[in-house]
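# Summary of the model geometry
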Amino acid sequence: MNILGIESSCDETAASVVKDGRQLLSNVVESQIDIHAKYGGVVPEIASRSHLEAILPVVNQAVESAFTDAVVAKSDLSALSSRDYWQNIDAIAVTYGPGLSGGVLMGSLTARTLARVHNKPLIAVNHVLAHVYANWLIETEPEFPLLALIVSGGHSQIAVFESHTDYRLLGQTRDDAVGEAFDKVAKMLGMSYPGGPSVSRAAESGNPNKYRFPKAKMSDRYDFSFSGLKTAVLRTLQTEVGKSYDFPSFQIAELLNNQQISDVSASFQKAALETLVDKLEIAASEFQPKSIVIAGGVAANSSLRNMIHERLGGHIEYAPANLCTDNAAMIATAAFYQSKAGQNLADSLTLK
Ligand code: KG4
Ligand code: ZN
């Protein structure tokens, strides 16, 4: 079964065709990062307009590149029409949320229209849940019960899955998501959006024990909080440059030297990642999962992977970075397993 996935809930316009939930036939991601970088974060109105411009070319490229070899082998190249490609698609899946409303609207209207025009079933997919399914696109298939750490720019969650349809949220962030904390610390350090990869790069030449940043203690043991950590970084930076606590955060970076930037990056990253892995370790001993997976943009962080490997041992296979950050292959894969279980088939007129 070939499913076309469509994703547009934040700043990536993406489309992908996945066969039987596991085989990537095409994966097109049009990133808006360069457009938003100069504003220091995603501007929802600009994101919606960019999705509008990109979505049909991105979808067409995904559908055509998935089947070019098969279609060209059968037909005379000059007589090819888009119908030849679309007849290979069995269903269309789309992110219905959570996300920026303009972007979600753009993707879902496109998917609904295409489902009607080409007469295909439509499957509505939850974006956060879909991140977990990037782990079905790698060689080793995850097994249930499965423990998932989902860490992105919008979410920090731990969930336990007994099956594709039976899953339970153990805990989540009470304030900022961990990716958001990476982005905000990066901004204070003068790095451009999205800051996670830059902080992680700077951390490589820093001392993770230079500053002691707090790890929030929560009454619900699987919940997270990152806003205190972010404030602690700000206070440390203000002190480091010899200013008072009302000194504006956006003026700090120009007063820092490279070593200070690296040391703060490394010490912040250590506190943030230990917070995640501490909880993952407790959950792993409570639930004894057969598989542990990490998902979402922050899962691309190599120090997080090393820390999990050191503390939890065993064999964990990680998805490549381009499947951890937003993409549509994870949407198509999630849709395959959900629809197989009879879930989330949507009406193309109402998406309900
Ligand atoms: O999953 P994603 O692409 O979008 C959301 O659904 O939010 O995640 C983006 C987030 C951003 O906050 C970005 O800074 C973070 O993932 N990120 C990283 C790394 N790569 C991306 N954070 C830490 N280390 C990385 N290597
Ligand atoms: Zn995401």
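Please refer to the structure higher up on the page.
Description of the structure in this document. Remember, it's a predicted structure, so these values are computed and weren't measured experimentally. (Residues numbered from 1 in each chain as written. Chains lettered and ligands numbered in written order. Predicted model: local features only at pLDDT ≥ 70, side-chain atom pairs only at ≥ 80, totals over all residues. Heavy atoms only, no water.)

## Structural notes on the sheet that holds strand β9 (residues 291–295)
Strand pairing in a sheet relies on backbone hydrogen bonds, with the paired strands running either antiparallel or parallel. One open sheet accounts for four strands, arranged β8-β7-β6-β9; its pairing is mixed. Strands with a single pairing partner mark the edges of an open sheet, and in this sheet they are β8 (167–172) and β9. Taking the axes of each pair of neighbouring strands and ignoring which way they run, one obtains an average angle of 20° across the sheet. Of the pairings in the sheet, the one linking strand β6 (residues 146–151) to β9 comprises five bridges and is parallel in character. (Pairing = 2+ DSSP bridges. Helix = DSSP H or I, 4+ residues; strand = E, 2+ residues; numbered from the N terminus. Axes fitted to C-alpha atoms, helices over the stretch in contact; angles between N-to-C directions.)

## Some details on helix α9 (residues 258–287)
For the α-helix, the turn length of 3.6 residues means that residues three or four positions removed from each other point alike. Compared with the 44 Å implied by 1.5 Å per residue over 30 residues, the 43 Å span of α9 between its first and last C-alpha is a close match. Buried residues dominate α9, accounting for 21 of its 30 residues. The backbone nitrogen of Gln259 has a side-chain oxygen 3.1 Å away, supplied by the residue at the start of α9, namely Asn257. At the C-terminal side of α9, Gln288 shows a positive phi close to 45°. (Expected span 1.5 Å × (residues − 1). Buried < 20%, exposed > 50% of the residue type's maximum accessible area, 1.4 Å probe, protein only. Polar contact = N/O pair within 3.5 Å; in protein donor to acceptor, adjacent residues only side chain to side chain.)

## Considerations on the packing of helix α8 (residues 227–240) against α9
Contact geometry of α8 with α9 gives a least axis separation of 11 Å together with a crossing angle of 160°. Here α8 lies roughly antiparallel to α9, going by the angle between them. When the axes of α8 and α9 are compared, the crossing they make is right-handed. Residues Leu229, Val233, Leu237 and Glu240 of α8 touch α9, and the partners they reach there are Gln260, Val264, Phe268, Ala271 and Ala272. Grouping the amino acids of the contact of α8 with α9 by side-chain chemistry returns seven nonpolar, one polar and one charged. (Parallel < 35°, antiparallel > 145°, perpendicular 65-115°, else oblique. Left-handed = near helix turned anticlockwise from the far one by under 90°. Contact = heavy atoms within 4.5 Å. Nonpolar A, V, L, I, M, F, W, Y, C, P; charged D, E, K, R; others polar.)

## Some thoughts on the site of ligand 1
What surrounds ligand 1 is a group of 20 residues, the closest being Gly153, Asp183, Gly196, Asn301 and Asp326. Between ligand 1 and Gly153, the relevant distance is 2.8 Å, taken from an oxygen atom to a main-chain nitrogen or oxygen of the residue. At a separation of 3.0 Å, an oxygen atom of ligand 1 approaches a polar backbone atom of Gly196. Burial of ligand 1 by the protein chains amounts to 89% of its free accessible area of 550 Å². Cavity membership is defined here by more than half of the atoms lying within 2 Å of grid points; on that basis ligand 1 lies in the largest pocket. Sorting the residues of the shell around ligand 1 by element identifies α5 (127–132), α6 (178–188) and α7 (196–203) as the ones contributing at least two each. Here the shell around ligand 1 takes three residues from α6, the largest share from any one element. (Near = heavy atom within 4 Å. Areas by Shrake-Rupley, 256 points an atom, 1.4 Å probe, with all protein chains shown as cover. 1 Å grid on protein atoms, 1.4 Å probe; cavity = no way out; pocket = protein on both sides within 12 Å on 5 of 7 lines; lining within 4 Å. Sits in = over half its atoms within 2 Å of the grid points.)

## Brief notes about the coordination of the zinc ion (ligand 2)
Bound to the zinc ion (ligand 2) on the protein side are His127 (NE2), His131 (NE2) and Asp326 (OD), at distances that span 2.0 to 2.1 Å. Between the four donor atoms coordinating the zinc ion (ligand 2), the angles at the centre fall across 95 to 138°, so the site counts as irregular. (Donors = N, O, S within 2.8 Å, 3.2 Å for Na, K, Ca; no water. Tetrahedral: all angles 85-135°; square planar, octahedral: opposite > 155°, others 65-115°.)

## With respect to the nonpolar core
In this structure, Val132, Leu147, Val233, Phe268 and Leu276 are the most contacted members of the largest nonpolar core, which totals 83 residues. For this core, the leading source of residues is α9, giving 11 residues. One finds Ile6, Ala66, Phe67 and Ala111 within the second-largest nonpolar core, a separate group that totals 22 residues. (Core = buried A, V, L, I, M, F, W, Y, C linked by side-chain atoms within 4.5 Å.)

## Observations concerning the layout of surface pockets
Counted as a void, the largest pocket has a volume near 1,100 Å³. Lining the largest pocket are 41 residues, with Ser152, Gly153, Asp183, Tyr193 and Pro194 positioned closest to its centre. Put simply, the parts of the chain that give the lining of the largest pocket at least two residues each are β3 (23–31), α5, α6 and α7. In terms of residue count, the dominant contributor to the lining of the largest pocket is α6 (six residues). For the lining of the largest pocket, the class distribution of residues is 12 nonpolar, 20 polar and nine charged. Size it by volume and the second largest pocket reaches roughly 300 Å³. As for the second largest pocket, its lining consists of 19 residues, and the residues nearest its centre are Lys290, Ser291, Ile292, His315 and Ile316. At three residues, β9 tops the list of elements feeding residues into the lining of the second largest pocket. Looking at the lining of the second largest pocket residue by residue, the class counts come to eight nonpolar, seven polar and four charged. (Points joined across faces, edges and corners; volume = space filled by probe spheres on them.)

## Considering the side chain of Ser262
Here Ser262 lies in helix α9. When sequence neighbours within four positions are dropped, the list of residues in contact with Ser262 reads Ala202, Ala203, Ser205 and Gly206.

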